[in-house]
Amino acid sequence: MKKVVLINHSDTRGGASVVTYRLMKALSANGIDARMLVMHKASDSLRVAEIGSEVSREASFLAECGQIYLRNGFSRDNLFRISTGSFGLPIHRHPWVREADAVILGWINQGMMTLDEIGRIHAMKKPIAWTLHDMWPLTGVCHHAGSCTKYTEGCGNCPLIRGGRSPRDLSRSVFRRKEALYRHVPIKFVAISSWIARKCVQSVLTAAQNVTVIPNAFPIDDYSVTPRMTRQELGLPATGHLIVMGAARLDDPVKNLPLAIEALNRVDHATGASAVFFGNIRDAHALDNLRMPYVALGAVADPRVVAQIYAHATVVLSSSRYETLPGTLIEGMAAGATPVTTGNGGQQDIIDHGIDGYISDNADDAEQLARLMTQALSNPFDRREQHRAVARRFAASRVANAYIQLLGLQS
């Protein structure tokens, strides 16, 4: 049996962690001995192991934070919006890596893995795939470039780094290190959406690299259009349409919660809809301006409960400024909800506009987003067909087979 190790910061905390864990399970179901190395383990799976000691993990994390803090003019601004790949753990020494026939990298930042460590794994003659959950592998230091296009010409003068706006700042030096790495290490880059594949073509780093589009694996059988838990059990409004919005952190600026609130306030009151939020909110006043009836459930750790929440939803909403491949939309659709979303990212790989969901063509237009939600509430799409659409696009076995083919792991 072929062996694969997936390397990711966590196994269940955050979107990249969840989909990497799902990929591990999909590969296992397709005859691969798949395991996962993480910096922070939250599941009880025996196929997941933490790398290093608690002390070494904390030291590595703090070292990277310290480097960014110093190079950012002693400011905490944007501390977690950029990474350097300068500090990490000795992953190549772990027995699972030594025994692996191939290695799949995921989100490896915040002191988990250095760029040099990727070179060490290559020196062990391990085929390497790198799944692009955000833009960091194709920029200098940022995880999402937003409107900045400096990654198309080599970075430098980074708008996320305070101080002199130097052409030879931290973003340029990390960009050069990636450039050298990619020149000598044959990495198979996996874009999880057509959107990020187009970004790869634009980047000086990845324009000439091997980039394959493979979506995230989705466990369609874990989602049903028929709820098995009542609204009362889930803490949901007793009657009426539900518009559900979820995230690890709802008031993360990327999620653009203020836009969602403005749009929800403009939804036609005749629909009788209520909003349902799940996920952490740091700002206690973040929802103060919302006039639509709502409930905020806080963080929901159990994916089975999340699936049940979506099974009661009429609409699943995303107001994000950009998303590589927004998993909440896929989850909502799998449970029968109609997705309504802004369109800067991989949404087009999930939704056929007007056929199984709605994509706003203006990421800042609350009025348009409200009209689309009102339309979805008045005429929701067939729930079973929504479920089937997800099954067609993101079947776990098909995704696993694509990775097996890419890495040459066929029996």
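Everything that follows concerns the structure shown earlier in this document.
Below is a short write-up of the structure. (Residues numbered from 1 in each chain as written. Predicted model: local features only at pLDDT ≥ 70, side-chain atom pairs only at ≥ 80, totals over all residues. Heavy atoms only, no water.)

Another aspect to go through is the packing of helix 8 (residues 257-266) against helix 11 (residues 366-378). One way to put it is that helix 8 packs onto helix 11 with a least axis distance of 8 Å and a crossing angle of 55°. Relative to helix 11, the element helix 8 is oriented oblique. In this structure, helix 8 crosses over helix 11, and the sense of that crossing is right-handed. Residues Leu 259, Glu 262, Ala 263, Leu 264 and Arg 266 of helix 8 form the contact with helix 11, whose participating residues are Ala 366, Glu 367, Leu 369, Ala 370 and Met 373. Of the residues assigned to the contact of helix 8 with helix 11, the class counts are seven nonpolar, no polar and three charged. (Axes fitted to C-alpha atoms, helices over the stretch in contact; angles between N-to-C directions. Helix = DSSP H or I, 4+ residues; strand = E, 2+ residues; numbered from the N terminus. Parallel < 35°, antiparallel > 145°, perpendicular 65-115°, else oblique. Left-handed = near helix turned anticlockwise from the far one by under 90°. Contact = heavy atoms within 4.5 Å. Nonpolar A, V, L, I, M, F, W, Y, C, P; charged D, E, K, R; others polar.)

Inspection of every chain in the model, using the stated rule, returns nine aromatic pairs. Relative to Phe 189, the ring of Trp 130 has its centre 6.0 Å away and its plane inclined at 20°; by these criteria the two rings are stacked. Placement of the pair is Trp 130 in strand 5 (residues 128-132) and Phe 189 in strand 6 (residues 187-191), with a sequence separation of 59 residues. Summarising the burial analysis for this pair, Trp 130 and Phe 189 share the class buried. Summarising the aromatic geometry, the rings of Phe 278 and Tyr 310 are spaced 5.8 Å apart at their centres and angled 75° between planes, so their arrangement reads as edge-to-face. Residue Phe 278 is found in strand 9 (residues 274-280), and its partner Tyr 310 is found in helix 9 (residues 303-311); the two are separated by 32 residues along the sequence. Across the pair, exposure class does not vary: Phe 278 and Tyr 310 are buried alike. (Phe/Tyr/Trp six-rings, centres within 6.5 Å; stacked < 30°, edge-to-face > 60°. Buried < 20%, exposed > 50% of the residue type's maximum accessible area, 1.4 Å probe, protein only.)

Before going further, it helps to spend a moment on helix 11. End to end, helix 11 covers 18 Å across 13 residues, agreeing with the expected 18 Å (1.5 Å per residue, within 8%). Within helix 11, the full set of buried residues consists of Ala 366, Gln 368, Leu 369, Ala 370, Leu 372, Met 373, Thr 374, Ala 376 and Leu 377. Check the buried side of helix 11 and you find it contacts strand 8 (242-249), helix 8, strand 11 (315-318), strand 12 (338-342) and strand 13 (358-360). (Expected span 1.5 Å × (residues − 1).)

This next bit is on the sheet that holds strand 8. If you trace the six strands from one edge of the open sheet to the other, you get 10-9-8-11-12-13, paired in parallel fashion. Only two strands of the sheet have a single neighbouring strand rather than two, namely strand 10 (294-296) and strand 13. Averaged over all pairs of adjacent strands, the angle between strand axes in this sheet comes to 20°, irrespective of strand direction. Pairing of strand 11 with strand 12, which is carried by four bridges, proceeds in the parallel orientation. Across the sheet, Val 316 pairs through a bridge with Pro 339, a residue of strand 12. (Pairing = 2+ DSSP bridges.)

Our next topic: the environment of Gly 327. Looking at the element boundaries, Gly 327 is found in helix 10 (residues 327-334). Considering only alpha carbons, one finds Gly 327 and Val 19, 308 residues apart in sequence, at a separation of 8.4 Å.

Another aspect to go through is the pairing of strand 1 (residues 3-7). With four of its five residues buried, strand 1 lies for the most part within the structure. As paired strands, strand 1 and strand 2 (residues 33-38) are joined by five bridges and run parallel to one another. Its bridge partner lying in strand 2, Ile 7 is registered against Leu 37. In this region the chain leaves strand 1, passes through helix 1 (residues 15-29) and returns to the parallel neighbour strand 2; the handedness of that crossover is right-handed. Inspection of the sheet shows strand 1 paired to strand 4 (residues 102-105) by four bridges, in the parallel sense. Paired with Leu 6 across the strands is Ile 104, a residue of strand 4. (Right-handed = clockwise from strand over helix to strand, strands pointing away.)

In this section: the nonpolar core. Ranked by internal contacts, the top residues of the largest apolar core, which has 53 residues, are Ile 7, Ile 91 and Ile 118. Counting residues per element, this core draws most heavily on helix 5 (residues 170-184), which supplies five residues. Ignoring sequence-local partners within four residues, the contact set of Ile 118 consists of Leu 105, Ile 108, Met 113, Ile 128, Trp 130, Leu 181, Val 185 and Ile 187. (Core = buried A, V, L, I, M, F, W, Y, C linked by side-chain atoms within 4.5 Å.)

Working definition: two side chains of opposite charge can pair if their charged atoms are close together. Using the criterion set out here, one finds 14 salt bridges in the structure. Linking Arg 47 and Asp 33 is a salt bridge whose minimum nitrogen-to-oxygen distance equals 2.9 Å. Of this pair, Arg 47 sits in the loop between strand 2 and strand 3 (48-50) while Asp 33 sits in strand 2, placing them 14 residues apart in sequence. Residue classification places Asp 33 among the buried residues on the basis of a relative accessible area of 10%. Between Arg 249 and Asp 251 there is a salt bridge whose closest N-O contact spans 3.0 Å. The class for Arg 249 is partly exposed, based on a relative accessible area of 24%. You can call Asp 251 buried: its relative accessible area is 14%. Residues joined by salt bridges that share partners form a network here, namely Asp 33, Arg 35 and Arg 47. (Salt bridge = Lys/Arg side-chain N within 4 Å of Asp/Glu carboxyl O.)

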